[in-house]
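The lines below spell out each chain.
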Amino acid sequence: MTEQLDEATRLTTQPKPVEQPRRGDLLGPLRLGWRQLTSMRTALLLLFLLALAAVPGGFLPQRKINPIRVADYIRSHGALGRFMDRLQLFDVFASAWFSAIYLLLFVSLVGCLFPRTRLHLRALRARPPKVPKTLKRLPVSDTWTVQGPADAVIDDARSALRGWRVERRGNELSAERGYLRETGNLVFHVSMVVLLVGIALNSFYGFKGTVLVIEGRGFSNTLSQFDNTQPAKRFSPSSLVPFTVHLDRFNATYAPDGKALTFDAEVTWSKENGTPAPYDLRVNHPLVVGTAKTYLLGHGYAPHVVFRDVDGKVIDDRPVACLPQDPQFLSTCVIKEAATKGQQFGFRGVFTPTTVTDATNRVGSSYPGLRRPALTLVAWTGDLGIDGGTPQSIYALDTTAMKAVDNGAAKALQPGETWVLPGGASLTYVDTAQWANLQVTQDPSRLVMLVAAIGIVGGLLLSLFVRRRRVWVRAGTGQDGTTTVEVGGLARTDPDRFATEFAALVQDMRSARA
Amino acid sequence: MPDKGLGQLGDGLLFSAVVVYALAMLGYAAEQATVGARRRVTSVRAASQVLVGSGGSVEVPAETVTTVAPSRAGRAAFVLTCGGWLVHLSSIVMRGFAAHRVPWGNMYEFSSAVAFVAVTAFLGMVVRGRIERGLGAFVMLPVVLYLGLASSLLYTAAGPLVPALNSYWIKIHVAAAILASGSFLLSGVVALLYLLRQRYDRIGRAARFPVTLGAQLPSAAALDRMSYAVIAFAFPVWTFAVIAGAIWAESAWGRYWGWDPKETWSFITWVLYAGYLHARATAGWKGRKAAWVAVAAAVALVIDYYVVNIFVVGLHSYA
Ligand code: HEM
């Protein structure tokens, strides 16, 4: 194959197969290694490795998502489980091997993008290549003779090739179109890199915090107010957008079979020194304040209790958030109270929105909505362990230094009912509030991600649907005054459609001089 | 509230569609059984050199172009497929009216829609001359099995959506996922047929069932082009679906991507199809190896929908 034909048929910036380095080239092995890394074959291999490496993450529980299931899994699999843990099979997407693969892939990608972009920019400025000597050897070609001078034939051909980039060299015509295919392909690959940059940006400067808010209360977007925070490595608390959110009311509706229909948190929010505004915070409908987004993640019940001292003095008057345990919202509650005389009480039990008791007198809930609410508690007295200064979870009760009241018999309270405890103190279940679990995220990469997403989809569409193709025409007038026209063409993809297009072009050219 | 009567009508229509598809499958099979008698070699293209991008030229073996005279059974099967398609379409529309929402809110509806896309893609490509009608038997068989399994194992009566799904993103993200999945599954079938045909070409007369089926199939090169055409269409759609899913996850859960099992398998599927496209562009990976990648990717897709939804715990499990 002639050099010229080879050049004429290159319709892509695809890296060429790797060649052996010349002898005596000191940088040869390095250069060879680099060319290997940025070759299509390596890219392919790395893509398969990436898919393969993700598979354990698709079957095994992952610590980042569900640490409890991971712990269970390891416990039930003994030595094998521990070995798998050492292989980072429960942290696949943060593992050394997964990271190595995608980093290599992106190094390869960046390494092949530079030469490809340069080649493509050159192709964009270059004129379509010269007409190959033998057009017959192209995948599609045609030849015919007409009466008339060659340059008139070329003029006809030129008008048939409207929309193509055409270059005329004497009585030869080179035409090309579909450059956008390669442009799209490059945009796609570059956008993949931009996407990675966005991910990195978020993992350095992002922030995520969750907070449980009971109806009638609120929070402000400062670090200390969150129950749980996940700041990124380079995140600085001063970049938290200042605003406050107050939960006015929470509504949930359910179908008769207990399936949830809607969740809706009615909040009032305001910026620092701003005027308060109402907002309907729902799933799929977050509150956006600057770069901060507030989401509704979950909800539950908070029975409102009043604790009174022996002499009837109100010690505590507040809703207590209970944590849901099943789809019918059977929820566990813990209440800790310290009376004025130094006596301490701890309560542990369940809240049931629609209470049912089975044959063995166990309480349960048969529906997630509030139909027959009850607070069923067991009480302890003694030392709550809250005076030592060590922080305690408000959702756990340590009864090691306590004695069960009534030998641990449970007491079921309905709204308005009071439990008078031995010694005279009392606990009243007043009514039921609800709580919402809110999450605030600040993601500085949102715009970058949007650009990347558009580039990826747009680039792909161009890359897969635009067809790059070339057509050449040569006209030569013989001694007898007739002109022989030779036409040939080449497409990189979809030969069938190109053949049809080519036939139509030839038809156009021929009919001009019929 | 959902309309029970319309819901049952929709279920009945889906059942009828499966029956009509099954009849069509028999028609195609009958056509295939007599294909030998109606085969005509119409033209022979000589061995020729075809230019390739980087490395000069390759020999393309002589390709005999054969045509098969149409049979009455085949034509009837095609008409039946179109009829079944209409019934299938009306069952999906009926579901939407019954539930007052888009008809793809649970796995049962989703499976029906995916099968519908696969049949639509098949019919569309037949009409445009990009796929051969004769493949009908091989397309209808998985469609019938799939719809049968989906409507018995995954059956869900028409009802409202759970709140997490209640967003306009379900229209965008899930519609794109269905469109891509139906096409990918079709391409998986065509890739398997390619492998069958290719194996038949290699071992020829020594072949035993099921490789002997290869004799009835279009040429390996044609099958390869068909599966590429379908994947080239579906890949950007799938990419869009995954991105739309990430945007939805961000507005529902406050994060784009969390490597939830469903997300992980969508990612694996996506990477495998990207691998397929690269493989086709890389010398030495064309043909058989690329076809195996297409099959593996389709398997990953099935895992994504069925194994993950049914067996693996995650946020997405909305069975
Ligand atoms: C980050 C992972 C990558 C993904 C997801 C990816 C995906 C894709 C896709 C979908 C195509 C379209 C194929 C077509 O036009 O039919 C493509 C083409 C291409 N990719 Fe990648 N790619 C990746 C990495 C790379 C790397 C590392 C290289 C460098 C060697 C590379 C080089 C190419 C080339 C040269 C083409 C054009 C092939 C052709 O049409 O001739 N890609 N890629």
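In this text, all values refer to a predicted model and were calculated from it rather than measured experimentally. (Residues numbered from 1 in each chain as written. Chains lettered and ligands numbered in written order. Predicted model: local features only at pLDDT ≥ 70, side-chain atom pairs only at ≥ 80, totals over all residues. Heavy atoms only, no water.)

A. Quick look at the overall build of chain B. Within chain B one finds 9 helices and 4 strands. Secondary structure of chain B in N-to-C order comes out as α-α-β-β-β-β-α-α-α-α-α-α-α. Taken across its 319 residues, chain B has 55% of its residues classed as buried. Considering only residue pairs separated by 6 or more positions, chain B has 77% of its internal contacts joining residues 24 or more positions apart. Carbon and sulfur atoms make up 69% of the accessible area of chain B, which totals about 13,700 Å². (Helix = DSSP H or I, 4+ residues; strand = E, 2+ residues; numbered from the N terminus. Buried < 20%, exposed > 50% of the residue type's maximum accessible area, 1.4 Å probe, protein only. Contact = heavy atoms within 4.5 Å. Areas by Shrake-Rupley, 256 points an atom, 1.4 Å probe, with all protein chains shown as cover.)

B. Main features of unusual backbone geometry. Unlike most non-glycine residues, Phe329 of chain A shows phi in positive territory, near 65 degrees. Tracing the backbone through its elements, the reader meets Phe329 of chain A in the loop between strand E13 (323–324) and strand E14 (331–338). Note on Phe329 of chain A: relative accessible area 10%, which makes it buried. The phi dihedral of Trp259 of chain B is positive, around 55 degrees, even though this residue is not glycine. With respect to the helices and strands, Trp259 of chain B occurs in the loop between helix H7 (220–253) and helix H8 (261–281). Given the relative accessible area of 22%, Trp259 of chain B is considered partly exposed.

C. Inspection of the domain arrangement of chain A at higher detail. Along its sequence, chain A is organised into domain 1 (1–126), domain 2 (128–178 + 467–514), domain 3 (203–300 + 439–457) and domain 4 (302–434). One C-alpha centre belongs to domain 1 of chain A, the other to domain 3 of chain A; they are set 37 Å apart. (Domains from an automatic or database assignment.)

D. Up close: the coordination of the iron atom of the ligand. Distances from the iron atom of the ligand to its protein donors, His189 of chain A (NE2) and His278 of chain B (NE2), fall at 2.0 Å. Relative to the metal, the 6 donor atoms surrounding the iron atom of the ligand lie at angles of 74 to 179 degrees, and the coordination shape comes out octahedral. Of this pair, His189 of chain A sits in helix H7 (residues 180–205) while His278 of chain B sits in helix H8, which puts the two residues in different chains. You'll find His189 of chain A and His278 of chain B in the same group, each marked buried. (Donors = N, O, S within 2.8 Å, 3.2 Å for Na, K, Ca; no water. Tetrahedral: all angles 85-135°; square planar, octahedral: opposite > 155°, others 65-115°.)

E. Representation of the nonpolar core within the structure. The biggest cluster of nonpolar side chains holds 172 residues, and the ones touching the most others in it are Leu296, Phe347 and Leu438 of chain A together with Phe122, Leu135 and Trp238 of chain B. Residues within four places of Phe122 of chain B in sequence aside, it is in contact with Tyr28, Ile131, Glu132, Arg133, Leu135, Gly136, Val139 and Leu186 of chain B. (Core = buried A, V, L, I, M, F, W, Y, C linked by side-chain atoms within 4.5 Å.)

F. Quick peek at the site of the ligand. Around the ligand there are 29 residues in total, and Gln14, Cys112, His189 and Arg492 of chain A together with His278 of chain B lie nearest to it. The residues that come close to the ligand belong to more than one chain, namely chains A and B. Between the ligand and Gln14 of chain A there is a distance of 2.7 Å, counted from an oxygen atom to a side-chain nitrogen or oxygen. In the environment of the ligand, a nitrogen atom lies 2.4 Å from a nitrogen or oxygen atom belonging to the side chain of His278 of chain B. Sorting the residues of the shell around the ligand by element identifies helix H3 (40–59), helix H5 (96–125), H7 and helix H8 (446–465) of chain A together with H7 and H8 of chain B as the ones contributing at least two each. Of the residues belonging to the shell around the ligand, the class tally is 17 nonpolar, 9 polar and 3 charged. (Near = heavy atom within 4 Å. Polar contact = N/O pair within 3.5 Å; in protein donor to acceptor, adjacent residues only side chain to side chain. Nonpolar A, V, L, I, M, F, W, Y, C, P; charged D, E, K, R; others polar.)

G. Focus on the sheet that holds strand E5 (residues 218–220) of chain A. All names here are of chain A. If you trace the 4 strands from one edge of the open sheet to the other, you get E5-E7-E8-E9, paired in antiparallel fashion. Whereas interior strands pair on both sides, the edge strands pair on one side only; in this sheet they are E5 and strand E9 (277–281). The mean inter-strand angle of the sheet, taken between neighbouring strand axes irrespective of direction, is 25 degrees. Pairing geometry for strand E7 (residues 243–254) and strand E8 (residues 260–271), over 11 bridges, is antiparallel. (Pairing = 2+ DSSP bridges. Axes fitted to C-alpha atoms, helices over the stretch in contact; angles between N-to-C directions.)

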